[in-house]
Amino acid sequence: MNAPPEFGAGARERWQRAQDLIGQSASAIDTPALVIDLDAMERNLARMADFARAKGLRLRPHAKMHKSAELARLQMAHGAVGVCVQKSDEALVLAHAGVSDVYISNEVIAPAKLARLSQAVRDMPTRFAIAVDNTLGIARLAEALHHAGVTSSAAIDVFVEVDVGHGRCGVAPAQALALVQQVIAQPSLRFAGLQAYHGSAQHRRGVAERDAALAASEAAVRETLTILNAAGITVPLVTGAGTGSFVREASSGLWGELQAGSYLFMDADYAANEADPGAPTFEHALFLKSQVMSVSAAHAVCDAGHKSHAIDSGLPRVWLPEGLAYANGGDEHGVLSVVDETGELPALGETIWMVPGHCDPTVNLHDFAIGLRGGLDVGQVERVIAIQARGALG
Ligand SMILES: Cc1ncc(COP(=O)(O)O)c(C=O)c1O
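The paragraphs below set out a description of the structure included in this document. These numbers were taken from a predicted model, which means no experiment stands behind them.

### Here's the deal with the state of the cysteines
- Under the definition given, this model contains zero disulfides.
- Cys359 supplies the cysteine sulfur nearest to Cys302, a cysteine that is in no disulfide, at a spacing of 19 Å.
- The cysteine Cys359 is free of any disulfide, with Cys84 supplying the nearest cysteine sulfur at 15 Å.

Structural data, given as structure tokens:
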């Protein structure tokens, strides 16, 4: 058998170097680095928890965003009932790291993945849930549980996904009944409710545009509930919602659980949305620390390119110093220019703080984030937060 590749030495050394920063000032953090402003993150955490509590709704934040067991546990310590993930491997990583309630809010069809999940259902204290939108997935899930020797009834919670407007996974309202009946017929499965998430509504910039999309989601959920109720089926819960939409779902009277994820870090793309009048204020809490490594008359070059941050939802915004714009300089470089003639280019070695365009895929590029207490410029490193499920894409 081939020996596993040696991932160890470099990663361990980088982890240790990060640990050695604890207690030191932000200026000691090597670049490029993913940095969490812990004060801002905790304010975001509390504001969303307060919102859900005030509305009497369950909060199950999406951990696909941070992929960190520590942050999942922190969210649960502040009232979240559990977390969502999108992939079965993410679920297993978080469960192994002690997260006690994990919902895969996505379809899983591969027998090998369902086998691993079923073994975890059998062996681990974690409560698992999963979404389905097809008969094969339900049959394979029940079969995998059977093969794993899971004998308890209602061993896993199953949500039937309705396509509420995104046009991705999920079935039309009229097709949900057959799937729900199939779930109910399997003793190892517990019909837990409906998965209803409108992804593409999240980043529509104006409140009115988002409202129009979400009105259609509500109509789809209402129609599904009517069909199921007419068949004598009680739907225990409707779960869904993201950072761009949760206010609307929360006031609908239909959703009982909110799945927003990005609120914890608030990326540049979400900040470009017109704020919903009923939404709490969320602050940027995830930053990339970079430094200037080359300068010319017209621009400066920093050491964070798109291997440090995802660019699918736009380039990072330069947060500090003010007055600079970031252009993509390739894998390892960013090109900084002044936004107007009164601005000044930063000097060689100067620190650049940036807000990533999209937090989820940015986090997935890093093994850990440095937790900073007391502000970006004058703060101290408090702890290093492992991103255990980074790369867990299966
Ligand atoms: C099913 C599901 N629920 C909730 C979310 C959370 O969305 P956000 O991170 O935009 O708040 C996502 C994100 O893509 C998702 O796919």
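### Things to note about the pattern of salt bridges
- Applying the stated criterion to the full structure yields 26 salt bridges.
- Put simply, Arg127 and Asp157 hold a salt bridge, and the shortest N to O gap is 2.7 Å. With a gap of 30 residues between them, Arg127 in strand β5 (residues 127-132) and Asp157 in strand β6 (residues 156-161) connect regions that are remote in the sequence.
- Given the relative accessible area of 28%, Arg127 is considered partly exposed.

### Comments concerning the environment of Arg14
- For Arg14, the location among the structural elements is in helix α1 (residues 8-19).
- Residues Arg14 and Arg116, spaced 102 residues apart in sequence, show a C-alpha to C-alpha distance of 31 Å.
- Leaving out residues up to four positions away in the same chain, Arg14 has contacts with Asp367 and Phe368.
- One polar contact links Arg14 to Asp367, side chain to side chain, over a distance of 3.4 Å.

### Describing empty space enclosed by the protein
- Evaluation of the coordinates by the stated rule reveals three cavities of 30 Å³ or more.
- In terms of lining, the largest cavity is formed by Glu107, Val108, Ile109, Leu114, Ile130, Ala131, Val132, Asp133, Asn134, Gly137 and Leu141.
- Put simply, the parts of the chain that give the lining of the largest cavity at least two residues each are β5 and α6 (135-147).
- The element contributing the most residues to the lining of the largest cavity is β5, with three residues.
- Each residue belonging to the lining of the largest cavity can be placed in one class, and the counts come to seven nonpolar, two polar and two charged.

### Concerning helix α2 (residues 38-55)
- The end-to-end C-alpha distance of α2 is 26 Å, a good match for the 26 Å that 18 residues give at a rise of 1.5 Å each.
- When we look at burial in α2, the residues that qualify are Leu38, Ala40, Met41, Asn44, Leu45, Met48, Ala49, Phe51 and Ala52. Along the long axis of α2, the arc covered by the buried residues comes to 165°, so they all point the same way. For α2, the exposed residues set more than 90 degrees away from the buried face come down to Arg53 and Ala54.
- The N-cap residue of α2 is Asp37: its side-chain oxygen and the backbone nitrogen of Asp39 are 3.2 Å apart.
- Once α2 ends, the next one or two residues include Gly56, with phi positive near 70°.

### Here we look at the site of the ligand
- The local shell around the ligand holds 14 residues, among which Thr243, Gln259, Gly261, Ser262 and Tyr270 are the closest.
- In this structure, an oxygen atom belonging to the ligand sits 2.9 Å away from a side-chain N or O atom of Gln86.
- Within the contact set of the ligand, an oxygen atom lies 2.6 Å away from a side-chain nitrogen or oxygen of Tyr270.
- Considered class by class, the residues forming the shell around the ligand number four nonpolar, nine polar and one charged.

### Here we look at the packing of helix α7 (residues 173-184) against helix α8 (residues 207-230)
- Contact geometry of α7 with α8 gives a least axis separation of 8 Å together with a crossing angle of 45°. Relative to α8, the element α7 is oriented oblique. Viewed along their axes, α7 and α8 form a crossing whose handedness is right-handed. Two secondary-structure elements touch here, α7 through Pro173, Ala174, Ala176, Leu177 and Val180 and α8 through Ala220, Glu223, Thr224, Ile227 and Leu228.
- Residues that form the contact of α7 with α8 fall into these classes: eight nonpolar, one polar and one charged.

### Notes on helix α3 (residues 69-77)
- Among the residues of α3, those classed as buried are Ala69, Leu71, Ala72 and Gln75. Down the axis, α3 shows its buried residues gathered within 165° of arc, on one side only.
- Close packing links the buried residues of α3 with β1 (33-37), α2, β3 (83-85), α4 (88-96) and β17 (380-386).
- The opening residue of α3 is Ser68, an N-cap whose side-chain oxygen sits 3.3 Å from the backbone nitrogen of Glu70.
- The first or second residue beyond α3 is Gly79, which carries a positive phi of 105°.

### So, the pairing of β6
- With six of six residues buried, β6 lies mostly within the body of the structure.
- Neither face of β6 is left uncovered, since the one carrying Ile156, Val158 and Val160 and the one carrying Asp157, Phe159 and Glu161 both have all their residues buried.
- Here β6 pairs with strand β7 (residues 189-195) via six bridges, running parallel. Considered in β7, the bridge of Val160 is made with Leu194.
- As for the winding sense of the linkage, the β-α-β connection from β6 through α7 to β7 is right-handed.

Quick notes on the rules
- Residues numbered from 1 in each chain as written.
- Predicted model: local features only at pLDDT ≥ 70, side-chain atom pairs only at ≥ 80, totals over all residues.
- Heavy atoms only, no water.
- Disulfide = S-S within 2.5 Å.
- Salt bridge = Lys/Arg side-chain N within 4 Å of Asp/Glu carboxyl O.
- Helix = DSSP H or I, 4+ residues; strand = E, 2+ residues; numbered from the N terminus.
- Buried < 20%, exposed > 50% of the residue type's maximum accessible area, 1.4 Å probe, protein only.
- Contact = heavy atoms within 4.5 Å.
- Polar contact = N/O pair within 3.5 Å; in protein donor to acceptor, adjacent residues only side chain to side chain.
- 1 Å grid on protein atoms, 1.4 Å probe; cavity = no way out; pocket = protein on both sides within 12 Å on 5 of 7 lines; lining within 4 Å.
- Points joined across faces, edges and corners; volume = space filled by probe spheres on them.
- Nonpolar A, V, L, I, M, F, W, Y, C, P; charged D, E, K, R; others polar.
- Expected span 1.5 Å × (residues − 1).
- Arc of directions from axis to C-beta.
- Near = heavy atom within 4 Å.
- Axes fitted to C-alpha atoms, helices over the stretch in contact; angles between N-to-C directions.
- Parallel < 35°, antiparallel > 145°, perpendicular 65-115°, else oblique.
- Left-handed = near helix turned anticlockwise from the far one by under 90°.
- Pairing = 2+ DSSP bridges.
- Right-handed = clockwise from strand over helix to strand, strands pointing away.

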